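Summary of the model geometry
Each chain, letter by letter, is given below.
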Amino acid sequence: MTTTKTIKSALISVFSKEGLEPIVRKLHKQNVIIYSTGGTEEFINKLGIPVVSVEEVTSYPSILGGRVKTLHPKIFGGILNRQDNETDVQQMREFEIPQIDLVIVDLYPFEKTVASGASETDIIEKIDIGGISLIRAAAKNFKDTVIVASVNEYDMLLELISSQNGETTLEQRRLLATKAFHVSSHYDTAIFNYFNTDESYFKTSIADGQILRYGENPHQRGFFFGEFDKMFTKLHGKELSYNNLLDVDAAVNLILEFKNNEPTFAILKHNNACGLATRKNIKDAYLAALSCDPTSAFGGVLIANSNIDSATAKEINSLFCEVVIAPEFDQEAVAILSEKKNRIILVQHEVDLPNSQVRTCLNGLLVQDRNTITDSKENLKIVTNTAPSAQEIDDLLFASKICKNTKSNTIVFAKNSTLVASGTGQTSRVDALKQAIEKAQTFGFDLNGAVMASDAFFPFPDCVEMAYNAGITAVIQPGGSIKDELSINFCNENKVAMVFSGTRHFKH
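My aim in this report is to walk through the structure given alongside it, one point at a time. Going along each chain's sequence as written, the residues are numbered from 1 onward. Totals for whole chains, interfaces and linings use every residue, but because this is a predicted model, local features are given only for residues with pLDDT of at least 70 and side-chain atom pairs only at 80 or more, for both listing and counting. Heavy atoms from the whole structure form the basis of all side-chain values; hydrogens and water molecules are not counted.

The working definition used for a salt bridge is a side-chain nitrogen of Lys or Arg within 4 Å of a carboxyl oxygen of Asp or Glu. All chains considered together, the criterion is met by 14 salt bridges. The partner of Lys179 in a salt bridge is Glu153, with the nearest N and O atoms 3.9 Å apart. Of this pair, Lys179 sits in helix α10 (residues 170-195) while Glu153 sits in the loop between β6 (146-148) and α9 (154-163), and the two are 26 residues apart along the sequence. Think of it in three bands: with a 1.4 Å probe and only protein chains considered, a residue is buried below 20% of the maximum accessible area for its type, exposed above 50%, and partly exposed in between. Glu153 gets classed as buried once you look at its relative accessible area, which sits at 13%. For the salt bridge of Glu227 with Lys230, the shortest nitrogen-to-oxygen distance reads 3.5 Å. Put simply, DSSP H or I for four residues or longer makes a helix, DSSP E for two residues or longer makes a strand, and each gets a number counted from the N terminus.

So, on to the packing of helix α4 (residues 73-80) against helix α8 (residues 130-140). Interaxial distance between α4 and α8 falls to 8 Å at its minimum, and their mutual angle equals 30°. By the criterion of interaxial angle, the relationship of α4 to α8 is roughly parallel. Along its contact with α4, which presents Ile75, Phe76, Ile79 and Leu80, the element α8 presents Ser133, Leu134, Ala137, Ala138 and Lys140. For this scheme, ten residues count as nonpolar: Ala, Val, Leu, Ile, Met, Phe, Trp, Tyr, Cys and Pro. Four count as charged, namely Asp, Glu, Lys and Arg, and the remainder, Gly too, count as polar. When its residues are assigned to classes, the contact of α4 with α8 shows seven nonpolar, one polar and one charged. Convention adopted: a line fitted to C-alpha atoms gives each axis, helices being fitted over their contacting stretch, and angles between N-to-C directions are expressed from 0 to 180 degrees. Put simply, angles under 35 degrees are roughly parallel, angles over 145 are roughly antiparallel, angles from 65 to 115 are roughly perpendicular, and the rest are oblique. Contacts: residue pairs with any heavy atoms within 4.5 Å of one another.

Let us now look at the nonpolar core. Among the nonpolar cores identified, the biggest contains 41 residues, and Phe232, Val248, Leu276, Ile303, Ile325, Leu346 and Ile402 are the most heavily contacted of them. Among residues more than four places away in sequence, those in contact with Ile325 are Phe232, Val248, Ala251, Val301, Leu302, Ile303, Ala304, Ile308, Leu346 and Gln348. For our purposes a nonpolar core is just a set of buried Ala, Val, Leu, Ile, Met, Phe, Trp, Tyr and Cys residues, chained together by side-chain atoms within 4.5 Å.

A word on the sheet that holds strand β5 (residues 102-105). One open sheet accounts for five strands, arranged β4-β3-β2-β5-β6; its pairing is parallel. The outermost strands of the open sheet, each flanked by one partner alone, are β4 (52-53) and β6. When DSSP finds two or more bridges between two strands, those strands count as paired. Across four bridges, the pairing between strand β2 (residues 9-13) and β5 is parallel. Within β5, the residue paired with Ala10 across the bridge is Leu102. Helix α2 (residues 38-46) rests against β2, β3 (33-36) and β4 of the sheet, and its axis sits at about 140° to β3.

Looking now at the sheet that holds strand β11 (residues 264-269). Strand order across the open sheet formed by six strands is β10-β15-β14-β13-β11-β12, with mixed pairing between neighbours. Of all the strands in the sheet, the pair left with one neighbour each is β10 (232-236) and β12 (272-278). Adjacent strand axes in the sheet meet at a mean angle of 20° when their direction is disregarded. Direction of pairing for β11 relative to β12: antiparallel, over a ladder of six bridges. Residue Phe265 lies in a different strand from β12, and its bridge partner there is Ala277.

Let's shift gears to helix α19 (residues 462-470). Residues Cys463, Val464 and Ala467 constitute the buried set of α19. End-on view of α19: buried residues confined to an arc of 95°, all on one side of the axis. Contacts from the buried residues of α19 go to α18 (429-442), β21 (451-454), β22 (474-477), α20 (484-493) and β23 (497-500). Phi turns positive one or two residues past the end of α19, at Gly471, with a value near 115°. The directions from the helix axis to the C-beta atoms are what the arc is built from.

Right, let's get into the packing of α19 against α20. It is at 8 Å that the axes of α19 and α20 come closest, and there the two elements cross at 25°. In this view, α19 runs roughly parallel relative to α20, as classed from their interaxial angle. The crossing of α19 and α20 is right-handed. For the pair formed by α19 and α20, the contact residues are Val464, Glu465 and Tyr468 on the first element and Ser487, Phe490 and Cys491 on the second. Within the contact of α19 with α20, the residues separate by chemical class into four nonpolar, one polar and one charged. Should the near helix be turned anticlockwise from the far one by less than a right angle, the crossing is termed left-handed; should it be turned clockwise, right-handed.

Next up on the list: a nonpolar patch on the surface. Taken together, Phe202, Val358, Leu365 and Val367 make up a surface patch of nonpolar side chains, about 340 Å² in accessible area. For Val358, a relative accessible area of 46% gives the class partly exposed. Note on patches: the residues involved have over 30% relative accessible area and no salt bridge, like charges join within 9 Å, and the nonpolar side chains Val, Leu, Ile, Met, Phe, Trp and Tyr join within 5 Å. Where accessible areas are quoted, they stem from the Shrake-Rupley method and a 1.4 Å probe; at the residue level, only the protein chains shown are allowed to cover.

On β5, burial covers both faces: Leu102 and Ile104 on one face and Val103 and Val105 on the other are all buried. As judged from the three bridges shared by β5 and β6, these two strands associate in the parallel manner. What sits directly across from Val103, in β6, is Ile147.

By the element assignment, Tyr286 lies in helix α13 (residues 282-292). Along the primary structure Tyr286 and Ser53 are separated by 233 residues, whereas in three dimensions their C-alpha atoms are 66 Å apart.

For the rest of this paragraph, the subject is the packing of aromatic side chains. Geometrically, a pair of aromatic rings is defined through the distance of the ring centres and the angle of the planes. Note on aromatic contacts: the rings of Phe and Tyr and the six-membered ring of Trp form a pair at centre separations within 6.5 Å, being stacked when their planes are under 30 degrees apart, edge-to-face when over 60 apart, and tilted otherwise. Counted by the stated rule, this structure contains twelve aromatic pairs. Taking 6.3 Å as the distance between ring centres and 90° as the angle between the ring planes, the aromatic pair formed by Phe224 and Phe228 counts as edge-to-face. Here Phe258 and Phe398 contribute two aromatic rings whose centre-to-centre distance is 5.5 Å and whose plane-to-plane angle is 65°, an arrangement assigned as edge-to-face. A residue pair is termed long-range when its members are at least 10 positions apart, and Phe258 in the loop between α12 (242-256) and β11 and Phe398 in helix α17 (residues 390-404) qualify at 140 residues. Owing to a relative accessible area of 5%, Phe398 belongs among the buried residues under this scheme. One cation-aromatic arrangement involves Lys203 over Phe192; the distance from NZ or CZ to the ring centre is 5.4 Å. Over the aromatic face of Phe258 sits the side chain of Lys401, whose NZ or CZ is 4.9 Å from the ring centroid. Here, over-ring charges are defined by two tests on the NZ atom of lysine or the CZ atom of arginine: distance to the ring centre within 6 Å, and angle to the ring normal within 35 degrees.

Taking 1.5 Å as the rise per residue, α17 with 15 residues should run 21 Å; its terminal C-alpha atoms sit 21 Å apart, in good agreement. Most of α17 is tucked away, with twelve of its 15 residues classed as buried. Buried within α17 are the following residues: Glu392, Ile393, Asp395, Leu396, Leu397, Phe398, Ala399, Ser400, Lys401, Ile402, Cys403 and Lys404. The span expected for a helix works out to 1.5 Å for each residue beyond the first.

Here we take up the environment of Ala304. Its location among the elements puts Ala304 in strand β13 (residues 300-304). Between the C-alpha atom of Ala304 and that of Ala456, which follows or precedes it by 152 residues, the distance is 28 Å. Apart from residues lying up to four places away in sequence, Ala304 is in contact with Ile255, Thr264, Phe265, Ile282, Ile325, Ala326 and Pro327.

Right, here's the structure in full:
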């Protein structure tokens, strides 16, 4: 038996009529019988195209305020019958059920209604029943029935029926069924998450995805699932890689800490800041950030919290960098930065980031709340006899923001709103401190009067002793060690200021 099917009848019932007219006209031209109901039937009638009402087929009107229209054996029998099954064929004749070869349906906009802040009554009414049932029925019977469950597939359908004179292959119907089940499963997940209050359940569905060139390494496949275009407008450059996206994510989270600050510029490499500074203008902020570690800045991701002008772009243009991100760019700045054909230029839009973070772990997933706590002056507890100066407090909070967004174990040095050096991703806090001191010395930074931030407490006084010997005059840490007094006592003996933030900022 041939697996190619010719569309002779179609049921069309959609919420949005956009893009539907060319399909309806093509079906009519191919002598396809069209069934419809409600607003879609009215739409087709206005096109001057014959349409058979569902109510005429079922002998039932649309009832319960439109909640029940297509839920009837004469509709679902027409969709679900197996054309190679003798019993099905016999029952179709016996009960005078019309064959339905094509179903075009979309769903009530549940997610948009929730996002709009509508009342629960309005939200509940946007839970589609008939539409989702039609999708599942037609997709299940893809051997005989064509299902189009989204306006996104209208172009594909129009191309098929136009180029193949109304015929479809089994492979094409199976592909459309796959897309339909994607629509229905995504829809059901959104409804579940609206109702769910039990945190022991976890369901997620992201409708948009893209294939990346490769994953973390060339031998690994890579994919991104999300609405990248909502967060950024890409002005120039090559396609973002898996590693680019990880760095962009780290950059966005870091610069968010400085959203309301004076012009701030950050340079990141492998998800960690290798340069960050706040100044009166963005050019000076960039130059100060670059001076932190110009070696690591090579091939990095750059991000600013304010407009990048042409003067700043000229400075950036002399550095090889993968990505440049800002909330806006001067037109001349874009022209300058575009001189490097592969350099990616992104305009960042204000979009709320997810409240939860998800990562694979063992044979499952780990889910946690985002770390939304940023240390502030009000939360600091001075635990030493020497209190930090106003400038030191500003630098301590500045360093803490960087520390929060750096891989543990980490130590961050800062001075005059500038990242001086950091030790990142070390197995011990002492090693992180040694790395930070060595980096500062390598790039000629004077640590006298600088401050130090730690992502977790000091179990021993060795770190504050090493920091003091390097020139550090103030320290911020969460506190909480049973041996906090040892570090406090050392600071008191050497007139070093120390504050406890009360919040640990591990990042793995």
